[in-house]
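Summary of the model geometry
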Amino acid sequence: MAYRNGVALAQRGTAVKFDRPNHLRTPSLKPRLPHSPGSALRRSAAATTGDGVPGRVRVAVRLRPRNTEERMADADFADCVELQPELKRLKLRRNNWDSDTYEFDEVLTEFASQKRVYEVVAKPVVESVLDGYNGTVMAYGQTGTGKTFTLGQLGEEDISDRGIMVRSMEDILANTSTETDSVTVSYLQLYMETLQDLLNPANDNIPIVEDPKTGDVSLLGATLVEIKDQQSFLELLRVGEAHRIAANTKLNAESSRSHAILMVHVKRSVVDSEDVVSTENNDASRLTKLSKPVIRKSKLVVVDLAGSERIHKSGSEGHMLEEAKSINLSLSALGKCINALAENNAHVPFRDSKLTRLLRDSFGGTARTSLIVTIGPSPRHRGETSSTVLFGQRAMKVENMLKIKEEFDYKSLSRRLEVQLDNLIAENERQQKAFEDEIERINLEAQCRISEVERKFADALEKERLKCQMEYMESVKQLEQKLVSNEERHGNNCFVDGCREGPRQSSVDEVVEIKMLFENECNRRKAVEAEVEHLKYLMGKHTQREAGGDAEVIKVHSVLGDETNQKKKLEEEIIILRSQLLQLNFEAEQMRRCLGSESSVNASSAMDSSMSHVRHSQLKETGNGQKASVAALFEQVGLQKILSFLESDDPNVRIHAVKVVANLAAEEVNQKSIVEAGALTSLLMLLRRYEDETVHRVAAGAIANLAMNEANQELIMAEGGITLLSMTASDAEEPQTLRMVAGAIANLCGNDKILMKLRSQGGIKALLGIVRCGHPDVLSQVARGIANFAKCESRASSQGMKSGRSFLIEDGALPWIVQNANNEAVPIRRHTELALCHMAQHEVNAKDMISGGALWELVRISRDCTREDIRNLARRTLNTILPFKSELRRLRIDC
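Now for a description of the structure that goes with this document. (Residues numbered from 1 in each chain as written. Predicted model: local features only at pLDDT ≥ 70, side-chain atom pairs only at ≥ 80, totals over all residues. Heavy atoms only, no water.)

**A few points about the overall build of the chain**
Of regular secondary structure, the chain possesses 31 helices and 19 strands. Burial analysis of the chain (895 residues in total) assigns 41% to the buried set. Within the chain, residue pairs in contact and separated by at least 24 positions form 71% of the contacts whose partners lie at least 6 positions apart. Roughly 49400 Å² of accessible area belongs to the chain as shown, and the carbon and sulfur atoms make up 53% of that amount. (Helix = DSSP H or I, 4+ residues; strand = E, 2+ residues; numbered from the N terminus. Buried < 20%, exposed > 50% of the residue type's maximum accessible area, 1.4 Å probe, protein only. Contact = heavy atoms within 4.5 Å. Areas by Shrake-Rupley, 256 points an atom, 1.4 Å probe, with all protein chains shown as cover.)

**Focus on the environment of C749**
Topologically, C749 is positioned in the loop between α21 (735–748) and α22 (755–760). Residue classification places C749 among the buried positions, given a relative accessible area of 1%. Placed 39 residues apart in sequence, C749 and N788 show a C-alpha to C-alpha distance of 5.5 Å. Excluding residues that lie within four positions of it along the chain, C749 makes contacts with L755, L758, L767, G785, N788, F789 and C792.

**Looking at the sheet that holds strand β4 (residues 89–93)**
A sheet is described by the order of its strands in space; here three strands give the open sequence β3-β4-β5, paired in antiparallel fashion. Unpaired on one side and paired on the other, β3 (81–84) and β5 (99–103) mark the two borders of the sheet. On average, each strand axis in the sheet is tilted by 20° relative to the strand beside it, whichever way the strands run. Two strands pair when backbone bridges link them, and β3 and β4 are joined in this way by four bridges, in the antiparallel orientation. Bridging from a neighbouring strand, V81 pairs with L92 of β4. (Pairing = 2+ DSSP bridges. Axes fitted to C-alpha atoms, helices over the stretch in contact; angles between N-to-C directions.)

**So, the pairing of strand β2 (residues 58–63)**
β2 sits mainly inside the fold: six of its six residues count as buried. Residues of β2 alternate between two faces, with R58, A60 and R62 on one and V59, V61 and L63 on the opposite face, all of them buried. With six bridges joining them, β2 and strand β17 (residues 368–375) adopt parallel strand pairing. Within β17, the position partnered with R62 by the bridge is T374. Here three bridges tie β2 to strand β6 (residues 106–108), and the two strands are oriented parallel to one another.

**Considering the packing of aromatic side chains**
The tally for this structure, following the rule as stated, stands at one aromatic pair. Centre to centre, the rings of Y140 and F391 are 3.8 Å apart; their planes meet at 15°, and the pair counts as stacked. Here F391 lies in helix α10 (residues 382–395) and Y140 lies in strand β7 (residues 135–141), a separation of 251 residues in the sequence. Under the relative-accessibility criterion, F391 is labelled buried at 2%. In this structure, K802 packs its charged tip against the face of F807, placed 4.6 Å from the ring centre. (Phe/Tyr/Trp six-rings, centres within 6.5 Å; stacked < 30°, edge-to-face > 60°. Lys NZ or Arg CZ within 6 Å of the ring centre and 35° of its normal.)

**A word on helix α23 (residues 763–770)**
Counting buried positions along α23 yields six of eight residues, so the element is predominantly enclosed. Buried within α23 are the following residues: G763, I764, A766, L767, L768 and I770. Looking at the buried residues of α23, the elements they touch are α20 (721–731), α21, α22, α24 (776–798) and α25 (807–810).

Just geometry here; none of it tells us what the structure is for.
What follows is the structure, encoded as structure tokens:
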């Protein structure tokens, strides 16, 4: 009977409890080593020095439940096996009164689940593989006892039937990273002493190569598949199982005729730490930690051995007989190796079979090995069961020396050092730049201080020089005065002495001579001074003459400037007066209209006709007079002069100039010349520069008039007009200002070319912000703008120039449109109804319009709208757009 396809285990058997002898007690499998610095240090040391961790081969026994054939043939016989799982013992009956008792690391009854089998047999090995050790999980037993079910069951029909191969890969993938780690798989079979690739059947003779230094076994040419997820691994197992050789025997309907070997190679990148003792400057030793990148290479080998069989029981013949001989020979060679290892023989015959060469690391090597032996309960196969149990008992005596396979990750260290070097270079450059900037700042500061000190020193030196010069001149003056006084006093004394004493005549002569010389010198000095004074007089006279001429020129210039200012003021007053005259004419015309309407109510039908004719003629004459006045003002003053008044400092002049420009812009014939003269730029400048709401209102009205021309609309958008209008709308409070701004934006909304730009610069949101005013005239302009935008957007969508939902829906305009679609004011209602109809023509807007309540308004428009074209448009839209038709059908509404 085959167990490859997941035969369910039947409930059978009881266990007898008795004490376990101390000499048969075996230690349980060590848990997975923790990732602590100490353990990492020990593992690193073990890998470096060649020391290992001892680990015995763990053996578990699993009992298969009776199959259908055994339940019929052995109905009168008891099982030859009795399990005591709580004592981890197995009793093998010799006869009805005698039995042999064996102990194993785990005893699994026929009720044991696949999950429990994995956790007690394979999971410790998988955890060791994740820690860097090699690991082996192998199933041994008679054919038909459930080895393939235990190891290779995929669990496609029942997820709880998953075998050790599938569950091992789940744990490995869950504990590795796809970015830093790699998991590769090879799937092979040993058939008739030939190693074949189950993933590439063409590769049917793979050589086994052993490293003479380490003894590691490698398979050249075997297919290696990198595993990223569990699904790809399951697909790989399906491919391998499809190529594995199996046959139908008397003992098993799907008996494996080859040994299946699954090799899972795990490569993990870890950072190990080492404790290093260092000394500096004769200080005490200190403990530091150095991290190094390490690659751990481990391998998990899962071996599904072909079942041992006796020829007379299996009925093998022909080619199947040769397969059975090959299987038994390889299993016999494995048994010899395990016997030699259990008895500590010097020679272990690993080279007798390719199977033993492949499992050299699993028995007596460096791998952690778990063996599960599978047995059946039938007393007819007691001999095979006894042989399997004794094989497991001998395997429990085999000791392995576990070692971690680590390699220094030079590439990772090189990459990390390169990154650190680049960071250090960048940091050094930043520090160098900061240092140079600091040096430059210090130099500039020092130069500034030196310049300041030099300036102060020069000023002090100049002051000291002037002071010394003044003191010198003062000293010379005092000396001259003293000299003069001394000479006068000395001269008087000499005259008295000459009268009295004659012998001093010579001294008197000398004094007279010196006095004469001094007088001559004084005369020459006075003559020079007189000449200098004369020259100064002449120069002063000449300067006065020139100054008089300049004063006359300055006086003329002053008179001309006063006349220019006076002329400018007069021109401004003329403009103001003419603007006021126009305003008074307009107000008088409005008054005449009111008086005419009142008189028409009380007059008779004949008088009504005659008065209407007179009133029409008067209105026409007034309008023509007003236009003529503006045209006359335009011709008399000149456009450039009017535009220059827009920048006047006088608010009244500026406001009246804006009104004149607005009146001129209302005539289409004047718009081209106004725009060419730069009036549009000046009007936008007024919105940007001034906060006067009157200026904003009149300027917005003038821009609205200019925006009726398509060429001017593109120019307004190019100069940022929509942004300025949005800002004006957000700051304005008066309804008239908001009406002018809304009218300007509404005119811009009717241009297909600037549709996207207008929306991106906030035109729609500006209109929705203006509705806060609530004034009917303002709301009418907002509704007109939304209707123009919806019409242009609908046309762009129909031409394939735009896709997706309406911008009006994205900017939140739909609720306001639905709310005002039935407004009492006719202009508001008409524009919003038209906007809804244009938006509804495109199916992409239908879902939002249905959820927003627009469907009910469309139904009302199709029935009650006063304009036939809008009513027909709504009816056609409801009958052609599928979401609307479906919703109306669901609500049972007929259009």
